[in-house]
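A structural walkthrough
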Amino acid sequence: VSTISVGDLARRMGIKASEVISALMRLGVLATLNQALDVDTAALIAADFGYEVEQAMTEELELEALQEQESEMGGEALPRPPVVTVMGHVDHGKTSILDAIRKTDVVAGEAGGITQHIGAYHVQSPSGDLTFVDTPGHAAFTEMRSRGAKVTDIVVLVVAADDGVMDQTKEAIAHSKAADVPIVVAVNKIDKDSADPERVKRELSDFGLIPEEWGGTTIFCETSAKKGIGIEDLIESIQLQAEILELRADALRRAKGTVIEAQLHKGRGPVATVLVQEGTLHPGDNFVAGNYSGKVRTLTNERGEQVQAAGPSIPVEVQGLSGVPQAGDEFVVLTDEKMAKSVASARQLKARETELASASKVSLENLFEKI
Ligand code: GTP
Ligand code: MG
(Lines give C-alpha, C1' and ligand atoms only; values in the text may rest on other atoms or scores of the structure.)
(Ligands and ions follow the chains in the order given, each with its own letter.)
Protein backbone atom coordinates (compact mmCIF):
# COMPACT_ATOMS: atom_id res chain seq x y z
CA VAL A 1 0.00 0.00 0.00
CA SER A 2 1.26 3.44 -0.89
CA THR A 3 2.38 5.84 1.80
CA ILE A 4 4.34 9.06 1.98
CA SER A 5 6.25 10.41 4.96
CA VAL A 6 5.35 13.74 6.54
CA GLY A 7 8.78 15.06 5.60
CA ASP A 8 8.47 13.96 1.96
CA LEU A 9 4.99 15.40 1.62
CA ALA A 10 6.16 18.74 2.96
CA ARG A 11 9.20 18.74 0.70
CA ARG A 12 7.10 17.94 -2.36
CA MET A 13 4.68 20.72 -1.50
CA GLY A 14 7.50 23.12 -0.89
CA ILE A 15 6.37 23.97 2.63
CA LYS A 16 7.76 23.42 6.12
CA ALA A 17 7.25 20.03 7.73
CA SER A 18 6.02 21.80 10.85
CA GLU A 19 3.11 23.23 8.84
CA VAL A 20 2.13 19.72 7.75
CA ILE A 21 2.39 18.53 11.34
CA SER A 22 0.12 21.39 12.49
CA ALA A 23 -2.37 20.59 9.74
CA LEU A 24 -2.38 16.98 10.88
CA MET A 25 -2.97 18.10 14.45
CA ARG A 26 -6.02 20.04 13.31
CA LEU A 27 -7.27 16.72 11.92
CA GLY A 28 -6.59 15.12 15.28
CA VAL A 29 -3.50 13.22 14.12
CA LEU A 30 -0.29 13.51 16.13
CA ALA A 31 2.50 12.92 13.66
CA THR A 32 6.28 12.97 13.56
CA LEU A 33 8.55 13.93 10.65
CA ASN A 34 9.12 10.35 9.54
CA GLN A 35 5.57 9.21 10.04
CA ALA A 36 4.09 7.43 7.05
CA LEU A 37 0.76 8.84 5.86
CA ASP A 38 -1.65 6.89 3.72
CA VAL A 39 -2.81 8.41 0.44
CA ASP A 40 -6.17 9.57 1.82
CA THR A 41 -4.67 11.41 4.75
CA ALA A 42 -2.00 12.92 2.52
CA ALA A 43 -4.70 14.03 0.08
CA LEU A 44 -6.65 15.67 2.90
CA ILE A 45 -3.60 17.58 4.02
CA ALA A 46 -2.79 18.48 0.43
CA ALA A 47 -6.31 19.88 0.01
CA ASP A 48 -5.62 22.17 2.97
CA PHE A 49 -2.76 23.76 1.12
CA GLY A 50 -4.46 24.40 -2.21
CA TYR A 51 -3.53 24.20 -5.84
CA GLU A 52 0.23 23.77 -5.91
CA VAL A 53 -0.08 21.04 -3.39
CA GLU A 54 -2.61 19.20 -5.50
CA GLN A 55 -0.15 19.28 -8.33
CA ALA A 56 2.58 17.88 -6.11
CA MET A 57 0.17 15.16 -5.05
CA THR A 58 -0.73 14.27 -8.61
CA GLU A 59 2.91 13.87 -9.46
CA GLU A 60 3.54 11.93 -6.26
CA LEU A 61 0.58 9.64 -6.86
CA GLU A 62 1.46 9.08 -10.47
CA LEU A 63 5.03 8.28 -9.54
CA GLU A 64 3.81 5.75 -7.01
CA ALA A 65 1.33 4.28 -9.46
CA LEU A 66 4.14 3.95 -11.95
CA GLN A 67 6.43 2.33 -9.40
CA GLU A 68 3.69 -0.09 -8.48
CA GLN A 69 3.35 -0.98 -12.14
CA GLU A 70 7.10 -1.27 -12.71
CA SER A 71 7.87 -3.34 -9.64
CA GLU A 72 5.35 -5.95 -10.66
CA MET A 73 6.73 -9.25 -11.89
CA GLY A 74 5.77 -9.75 -15.49
CA GLY A 75 6.20 -12.60 -17.91
CA GLU A 76 7.96 -12.67 -21.22
CA ALA A 77 7.44 -10.20 -24.07
CA LEU A 78 5.83 -12.25 -26.82
CA PRO A 79 4.82 -11.31 -30.39
CA ARG A 80 1.57 -9.37 -30.58
CA PRO A 81 -0.73 -8.58 -33.51
CA PRO A 82 -0.11 -5.31 -35.37
CA VAL A 83 -2.46 -2.37 -34.86
CA VAL A 84 -3.33 -0.83 -38.21
CA THR A 85 -4.95 2.44 -39.30
CA VAL A 86 -6.32 2.88 -42.82
CA MET A 87 -5.86 6.31 -44.36
CA GLY A 88 -6.26 7.90 -47.76
CA HIS A 89 -8.09 10.43 -49.89
CA VAL A 90 -11.88 10.76 -49.90
CA ASP A 91 -13.63 8.00 -51.85
CA HIS A 92 -10.44 6.07 -52.59
CA GLY A 93 -11.95 3.03 -50.82
CA LYS A 94 -10.88 3.03 -47.13
CA THR A 95 -14.21 1.79 -45.83
CA SER A 96 -14.54 -0.73 -48.66
CA ILE A 97 -11.08 -2.17 -47.89
CA LEU A 98 -11.91 -2.46 -44.19
CA ASP A 99 -15.16 -4.21 -45.09
CA ALA A 100 -13.36 -6.61 -47.41
CA ILE A 101 -10.79 -7.42 -44.73
CA ARG A 102 -13.52 -7.95 -42.16
CA LYS A 103 -15.10 -10.51 -44.47
CA THR A 104 -11.93 -12.61 -44.21
CA ASP A 105 -12.35 -12.79 -40.41
CA VAL A 106 -12.58 -16.44 -39.47
CA VAL A 107 -14.36 -15.77 -36.20
CA ALA A 108 -16.95 -13.31 -37.51
CA GLY A 109 -17.65 -15.76 -40.33
CA GLU A 110 -18.27 -18.59 -37.89
CA ALA A 111 -20.50 -16.60 -35.59
CA GLY A 112 -22.26 -15.00 -38.55
CA GLY A 113 -22.31 -12.14 -36.10
CA ILE A 114 -23.31 -8.57 -36.55
CA THR A 115 -20.30 -6.39 -35.89
CA GLN A 116 -20.89 -3.49 -33.60
CA HIS A 117 -19.10 -0.21 -33.86
CA ILE A 118 -16.65 0.05 -31.00
CA GLY A 119 -14.04 2.13 -32.82
CA ALA A 120 -11.62 -0.71 -33.36
CA TYR A 121 -11.79 -4.36 -34.22
CA HIS A 122 -9.72 -7.47 -34.22
CA VAL A 123 -9.56 -9.81 -37.18
CA GLN A 124 -8.33 -13.40 -37.17
CA SER A 125 -7.24 -14.07 -40.72
CA PRO A 126 -5.61 -17.22 -42.09
CA SER A 127 -2.32 -15.31 -42.34
CA GLY A 128 -2.44 -14.03 -38.77
CA ASP A 129 -4.30 -11.70 -36.43
CA LEU A 130 -4.64 -7.96 -36.95
CA THR A 131 -6.33 -5.10 -35.17
CA PHE A 132 -7.80 -2.13 -37.01
CA VAL A 133 -8.37 1.21 -35.41
CA ASP A 134 -11.50 2.22 -37.23
CA THR A 135 -11.10 5.95 -36.81
CA PRO A 136 -12.62 8.27 -39.35
CA GLY A 137 -9.22 8.98 -40.79
CA HIS A 138 -6.69 11.67 -40.20
CA ALA A 139 -8.41 13.84 -37.63
CA ALA A 140 -8.52 11.12 -35.01
CA PHE A 141 -4.97 10.02 -35.83
CA THR A 142 -3.50 13.49 -35.31
CA GLU A 143 -5.74 14.20 -32.33
CA MET A 144 -4.48 11.09 -30.54
CA ARG A 145 -0.89 11.76 -31.49
CA SER A 146 -1.12 15.36 -30.29
CA ARG A 147 -2.17 13.92 -26.94
CA GLY A 148 0.90 11.73 -26.86
CA ALA A 149 -0.83 8.46 -27.57
CA LYS A 150 0.77 6.03 -29.96
CA VAL A 151 -1.63 3.32 -30.96
CA THR A 152 -0.89 2.66 -34.63
CA ASP A 153 1.95 0.36 -35.70
CA ILE A 154 1.26 0.42 -39.43
CA VAL A 155 -0.66 2.73 -41.77
CA VAL A 156 -2.38 1.29 -44.81
CA LEU A 157 -2.44 4.08 -47.38
CA VAL A 158 -5.29 3.59 -49.84
CA VAL A 159 -4.78 5.25 -53.23
CA ALA A 160 -7.33 4.82 -56.03
CA ALA A 161 -5.57 3.61 -59.16
CA ASP A 162 -7.81 5.77 -61.35
CA ASP A 163 -7.23 8.95 -59.35
CA GLY A 164 -3.68 8.85 -58.01
CA VAL A 165 -2.09 10.93 -55.28
CA MET A 166 -4.46 13.62 -54.00
CA ASP A 167 -4.41 16.18 -51.15
CA GLN A 168 -5.41 13.83 -48.37
CA THR A 169 -3.01 11.20 -49.67
CA LYS A 170 -0.22 13.71 -49.12
CA GLU A 171 -1.59 14.60 -45.69
CA ALA A 172 -1.71 10.95 -44.70
CA ILE A 173 1.91 10.48 -45.78
CA ALA A 174 2.94 13.53 -43.75
CA HIS A 175 1.11 12.29 -40.63
CA SER A 176 2.58 8.82 -40.90
CA LYS A 177 6.08 10.15 -41.36
CA ALA A 178 5.71 12.55 -38.43
CA ALA A 179 4.54 9.66 -36.25
CA ASP A 180 7.31 7.44 -37.62
CA VAL A 181 4.78 4.78 -38.64
CA PRO A 182 5.59 2.62 -41.69
CA ILE A 183 3.21 2.68 -44.65
CA VAL A 184 1.87 -0.24 -46.66
CA VAL A 185 0.28 1.02 -49.89
CA ALA A 186 -2.98 -0.40 -51.22
CA VAL A 187 -3.38 0.66 -54.86
CA ASN A 188 -7.16 0.21 -54.98
CA LYS A 189 -9.84 0.06 -57.68
CA ILE A 190 -7.58 -1.88 -60.06
CA ASP A 191 -10.74 -3.40 -61.56
CA LYS A 192 -11.51 -0.08 -63.24
CA ASP A 193 -10.69 0.43 -66.92
CA SER A 194 -9.08 3.76 -66.15
CA ALA A 195 -6.85 2.22 -63.45
CA ASP A 196 -3.16 3.09 -63.81
CA PRO A 197 -1.21 1.49 -60.94
CA GLU A 198 2.15 2.42 -62.45
CA ARG A 199 1.22 6.09 -62.27
CA VAL A 200 0.39 5.71 -58.57
CA LYS A 201 3.81 4.15 -57.98
CA ARG A 202 5.54 6.99 -59.81
CA GLU A 203 3.62 9.64 -57.91
CA LEU A 204 4.25 8.02 -54.53
CA SER A 205 7.95 7.64 -55.31
CA ASP A 206 8.15 11.43 -55.30
CA PHE A 207 7.17 11.23 -51.63
CA GLY A 208 9.82 8.65 -50.81
CA LEU A 209 7.48 5.68 -51.00
CA ILE A 210 9.46 3.58 -53.45
CA PRO A 211 8.23 0.10 -54.36
CA GLU A 212 10.49 -2.89 -53.73
CA GLU A 213 10.66 -3.71 -57.44
CA TRP A 214 12.24 -0.29 -58.00
CA GLY A 215 14.80 -0.86 -55.26
CA GLY A 216 12.79 0.77 -52.47
CA THR A 217 11.41 -0.62 -49.23
CA THR A 218 7.71 0.21 -49.45
CA ILE A 219 5.27 -2.65 -49.92
CA PHE A 220 2.66 -1.98 -52.64
CA CYS A 221 -0.44 -4.16 -53.03
CA GLU A 222 -2.89 -3.94 -55.90
CA THR A 223 -6.43 -4.35 -54.66
CA SER A 224 -10.02 -4.18 -55.67
CA ALA A 225 -12.09 -3.87 -52.56
CA LYS A 226 -15.19 -4.11 -54.72
CA LYS A 227 -14.25 -7.43 -56.34
CA GLY A 228 -12.28 -8.79 -53.38
CA ILE A 229 -9.01 -8.92 -55.36
CA GLY A 230 -5.68 -8.71 -53.52
CA ILE A 231 -7.15 -8.54 -50.02
CA GLU A 232 -5.37 -11.66 -48.73
CA ASP A 233 -2.17 -10.31 -50.26
CA LEU A 234 -2.70 -7.01 -48.45
CA ILE A 235 -3.17 -8.79 -45.11
CA GLU A 236 -0.02 -10.86 -45.73
CA SER A 237 1.91 -7.70 -46.57
CA ILE A 238 0.77 -6.06 -43.34
CA GLN A 239 1.97 -9.15 -41.46
CA LEU A 240 5.29 -8.98 -43.28
CA GLN A 241 5.70 -5.34 -42.29
CA ALA A 242 4.72 -6.27 -38.71
CA GLU A 243 7.42 -8.96 -38.59
CA ILE A 244 10.04 -6.35 -39.46
CA LEU A 245 8.81 -4.21 -36.56
CA GLU A 246 9.14 -7.14 -34.10
CA LEU A 247 6.08 -6.07 -32.15
CA ARG A 248 6.06 -7.59 -28.69
CA ALA A 249 4.17 -7.26 -25.42
CA ASP A 250 4.00 -8.99 -22.06
CA ALA A 251 0.51 -10.40 -21.55
CA LEU A 252 1.11 -11.36 -17.93
CA ARG A 253 1.37 -7.88 -16.48
CA ARG A 254 -1.47 -5.73 -15.31
CA ALA A 255 -3.09 -4.05 -18.28
CA LYS A 256 -2.15 -0.71 -19.79
CA GLY A 257 -3.61 0.79 -22.95
CA THR A 258 -5.17 3.77 -24.68
CA VAL A 259 -8.75 5.02 -24.90
CA ILE A 260 -9.79 4.92 -28.58
CA GLU A 261 -13.19 6.48 -28.06
CA ALA A 262 -15.63 7.04 -25.21
CA GLN A 263 -19.15 8.26 -24.70
CA LEU A 264 -21.99 8.48 -22.24
CA HIS A 265 -24.41 5.73 -23.14
CA LYS A 266 -28.06 5.93 -22.20
CA GLY A 267 -28.68 3.26 -19.62
CA ARG A 268 -25.16 1.84 -19.61
CA GLY A 269 -23.40 4.96 -18.37
CA PRO A 270 -19.91 5.89 -19.54
CA VAL A 271 -18.41 3.37 -21.99
CA ALA A 272 -14.95 3.46 -23.51
CA THR A 273 -13.23 1.43 -26.20
CA VAL A 274 -9.78 0.66 -24.91
CA LEU A 275 -6.94 -0.76 -26.95
CA VAL A 276 -4.92 -2.95 -24.57
CA GLN A 277 -1.23 -2.47 -25.32
CA GLU A 278 0.41 -4.35 -22.46
CA GLY A 279 -0.78 -6.95 -20.00
CA THR A 280 -4.26 -8.42 -19.84
CA LEU A 281 -7.43 -6.63 -18.79
CA HIS A 282 -10.03 -8.49 -16.73
CA PRO A 283 -13.43 -7.74 -15.21
CA GLY A 284 -12.96 -6.46 -11.66
CA ASP A 285 -9.70 -4.61 -12.46
CA ASN A 286 -9.31 -1.18 -10.87
CA PHE A 287 -8.09 1.43 -13.29
CA VAL A 288 -7.46 5.07 -14.09
CA ALA A 289 -8.47 6.40 -17.53
CA GLY A 290 -7.54 10.04 -17.99
CA ASN A 291 -9.25 12.02 -15.25
CA TYR A 292 -11.49 9.13 -14.19
CA SER A 293 -11.15 5.95 -12.23
CA GLY A 294 -13.27 2.83 -12.24
CA LYS A 295 -13.57 -0.89 -11.82
CA VAL A 296 -14.17 -2.99 -14.94
CA ARG A 297 -17.77 -4.19 -14.81
CA THR A 298 -17.93 -5.77 -18.26
CA LEU A 299 -15.66 -6.21 -21.25
CA THR A 300 -17.34 -6.49 -24.64
CA ASN A 301 -15.74 -7.31 -27.99
CA GLU A 302 -16.67 -5.92 -31.43
CA ARG A 303 -19.22 -8.70 -31.89
CA GLY A 304 -21.11 -7.64 -28.79
CA GLU A 305 -19.94 -10.67 -26.80
CA GLN A 306 -18.82 -10.34 -23.19
CA VAL A 307 -15.26 -11.51 -22.67
CA GLN A 308 -13.29 -12.37 -19.54
CA ALA A 309 -9.91 -11.15 -20.76
CA ALA A 310 -8.36 -8.80 -23.29
CA GLY A 311 -4.63 -9.11 -23.99
CA PRO A 312 -2.12 -7.03 -25.99
CA SER A 313 -3.45 -5.44 -29.24
CA ILE A 314 -7.03 -6.38 -28.36
CA PRO A 315 -9.68 -3.65 -28.39
CA VAL A 316 -12.54 -3.96 -25.89
CA GLU A 317 -15.44 -1.88 -24.76
CA VAL A 318 -15.17 -1.21 -21.04
CA GLN A 319 -18.07 -0.48 -18.71
CA GLY A 320 -17.55 0.65 -15.14
CA LEU A 321 -16.04 4.12 -15.51
CA SER A 322 -16.81 7.03 -13.20
CA GLY A 323 -16.87 9.46 -16.14
CA VAL A 324 -16.17 9.82 -19.85
CA PRO A 325 -12.45 9.97 -20.67
CA GLN A 326 -11.04 11.45 -23.90
CA ALA A 327 -9.76 9.60 -26.95
CA GLY A 328 -6.02 9.24 -26.53
CA ASP A 329 -6.16 9.06 -22.71
CA GLU A 330 -3.97 6.48 -21.08
CA PHE A 331 -5.72 3.56 -19.40
CA VAL A 332 -3.82 1.98 -16.51
CA VAL A 333 -4.81 -0.84 -14.18
CA LEU A 334 -3.81 -0.47 -10.52
CA THR A 335 -4.19 -3.04 -7.75
CA ASP A 336 -5.32 -0.46 -5.25
CA GLU A 337 -8.81 0.97 -5.68
CA LYS A 338 -8.05 3.89 -3.35
CA MET A 339 -4.97 4.72 -5.36
CA ALA A 340 -6.97 4.76 -8.60
CA LYS A 341 -9.55 7.09 -7.06
CA SER A 342 -6.90 9.40 -5.61
CA VAL A 343 -5.01 9.71 -8.89
CA ALA A 344 -8.26 10.45 -10.74
CA SER A 345 -9.45 13.07 -8.26
CA ALA A 346 -6.06 14.76 -8.18
CA ARG A 347 -6.08 14.89 -11.98
CA GLN A 348 -9.60 16.29 -12.03
CA LEU A 349 -8.61 19.05 -9.65
CA LYS A 350 -5.59 19.84 -11.77
CA ALA A 351 -7.73 19.87 -14.93
CA ARG A 352 -10.25 22.20 -13.29
CA GLU A 353 -7.48 24.56 -12.22
CA THR A 354 -6.05 24.58 -15.74
CA GLU A 355 -9.50 25.20 -17.18
CA LEU A 356 -10.11 28.09 -14.78
CA ALA A 357 -6.70 29.52 -15.53
CA SER A 358 -7.24 29.42 -19.29
CA ALA A 359 -10.79 30.75 -18.94
CA SER A 360 -9.57 33.79 -17.04
CA LYS A 361 -6.78 34.23 -19.56
CA VAL A 362 -9.27 34.15 -22.42
CA SER A 363 -11.55 36.69 -20.76
CA LEU A 364 -8.56 38.95 -20.19
CA GLU A 365 -7.59 38.62 -23.85
CA ASN A 366 -11.15 39.41 -24.86
CA LEU A 367 -11.06 42.43 -22.64
CA PHE A 368 -7.92 43.69 -24.33
CA GLU A 369 -9.41 43.08 -27.76
CA LYS A 370 -12.38 45.25 -26.83
CA ILE A 371 -10.10 48.01 -25.63
P1 GTP B 1 -14.68 8.35 -47.46
O2 GTP B 1 -14.92 7.63 -46.17
O3 GTP B 1 -15.84 9.16 -47.91
O4 GTP B 1 -13.43 9.16 -47.45
O5 GTP B 1 -14.50 7.25 -48.62
P6 GTP B 1 -13.72 5.89 -48.55
O7 GTP B 1 -12.28 6.11 -48.82
O8 GTP B 1 -14.08 5.15 -47.33
O9 GTP B 1 -14.29 5.16 -49.83
P10 GTP B 1 -15.44 4.07 -49.89
O11 GTP B 1 -14.97 2.75 -49.42
O12 GTP B 1 -16.66 4.62 -49.30
O13 GTP B 1 -15.59 3.96 -51.47
C14 GTP B 1 -15.95 5.06 -52.28
C15 GTP B 1 -16.59 4.59 -53.55
O16 GTP B 1 -15.66 3.83 -54.30
C17 GTP B 1 -17.77 3.65 -53.31
O18 GTP B 1 -18.74 3.93 -54.28
C19 GTP B 1 -17.19 2.27 -53.51
O20 GTP B 1 -18.13 1.34 -53.96
C21 GTP B 1 -16.15 2.53 -54.57
N22 GTP B 1 -15.04 1.58 -54.49
C23 GTP B 1 -14.31 1.25 -53.41
N24 GTP B 1 -13.38 0.34 -53.71
C25 GTP B 1 -13.54 0.06 -55.04
C26 GTP B 1 -12.86 -0.81 -55.96
O27 GTP B 1 -11.94 -1.54 -55.62
N28 GTP B 1 -13.29 -0.77 -57.25
C29 GTP B 1 -14.32 0.03 -57.67
N30 GTP B 1 -14.65 -0.02 -58.94
N31 GTP B 1 -14.97 0.84 -56.83
C32 GTP B 1 -14.59 0.87 -55.54
MG1 MG C 1 -15.15 5.76 -45.56
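Throughout what follows, the structure given in this document is the object of discussion. (Residues numbered from 1 in each chain as written. Chains lettered and ligands numbered in written order. Predicted model: local features only at pLDDT ≥ 70, side-chain atom pairs only at ≥ 80, totals over all residues. Heavy atoms only, no water.)

**Notes on the environment of Ile 97**
Take Ile 97: it is sitting in helix α5 (residues 94-103). On the basis of relative accessibility, which here comes to 0%, the residue Ile 97 falls in the buried class. Between the C-alpha atoms of Ile 97 and Gly 74, which are 23 residues apart in sequence, the distance is 37 Å. Ignoring anything within four residues of it in the chain, the contact list for Ile 97 reads Val 158, Ala 186, Asn 188, Thr 223, Ala 225 and Leu 234. (Helix = DSSP H or I, 4+ residues; strand = E, 2+ residues; numbered from the N terminus. Buried < 20%, exposed > 50% of the residue type's maximum accessible area, 1.4 Å probe, protein only. Contact = heavy atoms within 4.5 Å.)

**Points about the layout of surface pockets**
Considering only enclosed or pocket space, the largest pocket measures out at about 260 Å³ in volume. Surrounding the largest pocket, 19 residues form its lining, Ala 149, Lys 150, Val 151, Thr 258 and Gln 277 being those nearest its centre. Sorting the residues of the lining of the largest pocket by element identifies β10 (248-250) and β12 (269-278) as the ones contributing at least two each. For the lining of the largest pocket, the class distribution of residues is six nonpolar, six polar and seven charged. (1 Å grid on protein atoms, 1.4 Å probe; cavity = no way out; pocket = protein on both sides within 12 Å on 5 of 7 lines; lining within 4 Å. Points joined across faces, edges and corners; volume = space filled by probe spheres on them. Nonpolar A, V, L, I, M, F, W, Y, C, P; charged D, E, K, R; others polar.)

**Quick word on the nonpolar core**
Core analysis: the largest hydrophobic core is formed by 24 residues, its most contacted members being Ile 97, Ile 101, Phe 132, Val 156, Leu 234 and Ile 238. Sorting the residues of this core by element identifies β4 (83-88), α5, β5 (120-125), β6 (128-133), β7 (154-160), β8 (183-188), β9 (219-222) and α10 (231-245) as the ones contributing at least two each. In terms of residue count, the dominant contributor to this core is α10 (five residues). Beyond its immediate stretch of four places on either side in the chain, Ile 101 contacts Val 123, Leu 130, Phe 132, Ile 231, Leu 234 and Ile 235. Among the nonpolar cores identified, the runner-up in size contains 18 residues, and Met 87, Val 155, Ile 183 and Phe 220 belong to it. (Core = buried A, V, L, I, M, F, W, Y, C linked by side-chain atoms within 4.5 Å.)

**A closer look at the pattern of salt bridges**
Per the stated rule, a full pass over the model turns up 13 salt bridges. Put simply, Glu 302 and Arg 303 hold a salt bridge, and the shortest N to O gap is 3.2 Å. On the basis of relative accessible area, Glu 302 is assigned to the buried category, the value being 5%. The exposure class assigned to Arg 303 is buried, which follows from its relative accessible area of 16%. (Salt bridge = Lys/Arg side-chain N within 4 Å of Asp/Glu carboxyl O.)

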